[in-house]
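# Tertiary structure, described
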Amino acid sequence: MVEIPGPNPGRTIRKKRAWKFMISKLLTLVVLFFVIIDPLTSLVVFFVSTKGFEKKAKINIALLSVFLATVICYLVLCFGSQLLELFNTDINSFKIAGGIILVILGVNMSLGKSINDIEKMEGDSVHAVASIIATPLISGPATITAIIVSAAEYGKLLTGLAI
């Protein structure tokens, strides 16, 4: 018998079933992050925002965007619960606040408003385009909320593997 972290603390199951349980939860988290991060939207924004760039600059933007988003996600994973404690917020209040943010973003997107205006960007800076793709698109409010909530419910190990 082995104790498995998850929504039901103290639940013990046999080792053979433990692997199936862990893989099932990991797959659930991978799908959750794939849906929330929505790489297809980021890809469209990437192509639109790098229209006039050379191939080498496009590669640099893509690598820098993914690197920045990964660093942000793992920082949130490591320090998200401490950040909640710093602001004296519990996980349930954070879930409600995250839901409100998602509703506001959803309404704005359905009204055709963009999260960021790539057309208003000044200059052709590789770093500017990379940060716009990394921060609000890949590791935006929905991703940060999902990471903190998933780490609280499934543990940091499973959440870190899923990211």
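In this text, all values refer to a predicted model and were calculated from it rather than measured experimentally. (Residues numbered from 1 in each chain as written. Predicted model: local features only at pLDDT ≥ 70, side-chain atom pairs only at ≥ 80, totals over all residues. Heavy atoms only, no water.)

Attention shifts here to helix H4 (residues 91-110). In this model, H4 (20 residues) spans 28 Å end to end at C-alpha, consistent with the 28 Å of a helix rising 1.5 Å per residue. Positioned one or two residues after H4, Gly112 has a phi angle of 90 degrees, which is positive. (Helix = DSSP H or I, 4+ residues; strand = E, 2+ residues; numbered from the N terminus. Expected span 1.5 Å × (residues − 1).)

For the chain, the mean per-residue pLDDT works out to 82, and 83% of the residues sit at or above 70. Taken element by element, the chain is modelled with least confidence in strand E1 (residues 2-3), mean pLDDT 50, and with most confidence in helix H7 (residues 156-162), mean pLDDT 93. (pLDDT = per-residue confidence, 0-100.)

Between its terminal C-alpha atoms helix H3 (residues 55-86) stretches 43 Å, which fits the 46 Å expected from 32 residues at 1.5 Å a residue. Roughly 60 degrees is the biggest bend found in H3, and it falls at Phe79. Of all the positions in H3, only Ala57, Ile61, Ser65, Ala69, Cys73, Val76, Leu77, Gly80 and Leu84 are classed as buried. Two residues or fewer past H3, Asn88 is found with a positive phi of approximately 55 degrees. (Bend = angle between axes of the 7 residues up to and from the residue. Buried < 20%, exposed > 50% of the residue type's maximum accessible area, 1.4 Å probe, protein only.)

The next thing to look at is the environment of Leu161. Tracing the backbone shows Leu161 in helix H7. Its relative accessible area of 55% is what places Leu161 among the exposed residues. Taking C-alpha positions, Leu161 is 7.5 Å from Leu26, a pair spaced 135 residues apart along the chain.

Within the secondary structure, Tyr74 is located in helix H3. Considering only alpha carbons, one finds Tyr74 and Ile147, 73 residues apart in sequence, at a separation of 8.9 Å. In this structure Tyr74 touches Gly160 and Ile163, once residues within four positions along its chain are discounted. At a separation of 2.7 Å, a polar atom in the side chain of Tyr74 contacts the main-chain carbonyl oxygen of Gly160. (Contact = heavy atoms within 4.5 Å. Polar contact = N/O pair within 3.5 Å; in protein donor to acceptor, adjacent residues only side chain to side chain.)

We now examine unusual backbone geometry. The phi dihedral of Asp38 falls on the positive side, at around 50 degrees, and the residue is not glycine. The class for Asp38 is partly exposed, based on a relative accessible area of 31%. In this structure, Asn88 takes a positive phi of about 55 degrees despite not being glycine. Following the sequence through the fold, Asn88 ends up in the loop between H3 and H4. Judged by its relative accessible area of 73%, Asn88 is exposed.

This next bit is on the nonpolar core. With 28 residues, the main nonpolar core has Leu29, Phe33, Ile61, Ile133 and Ile147 as its most contacted residues. Among the secondary structure elements, those contributing two or more residues to this core are helix H1 (15-37), helix H2 (39-49), H3, helix H5 (126-138), helix H6 (141-154) and H7. When residues in this core are grouped by element, the largest group, seven residues, is from H3. Residues contacting Phe33, with those up to four places away along its chain left out, are Asp38, Thr143, Ala146, Ile147, Ser150, Thr159, Ala162 and Ile163. (Core = buried A, V, L, I, M, F, W, Y, C linked by side-chain atoms within 4.5 Å.)

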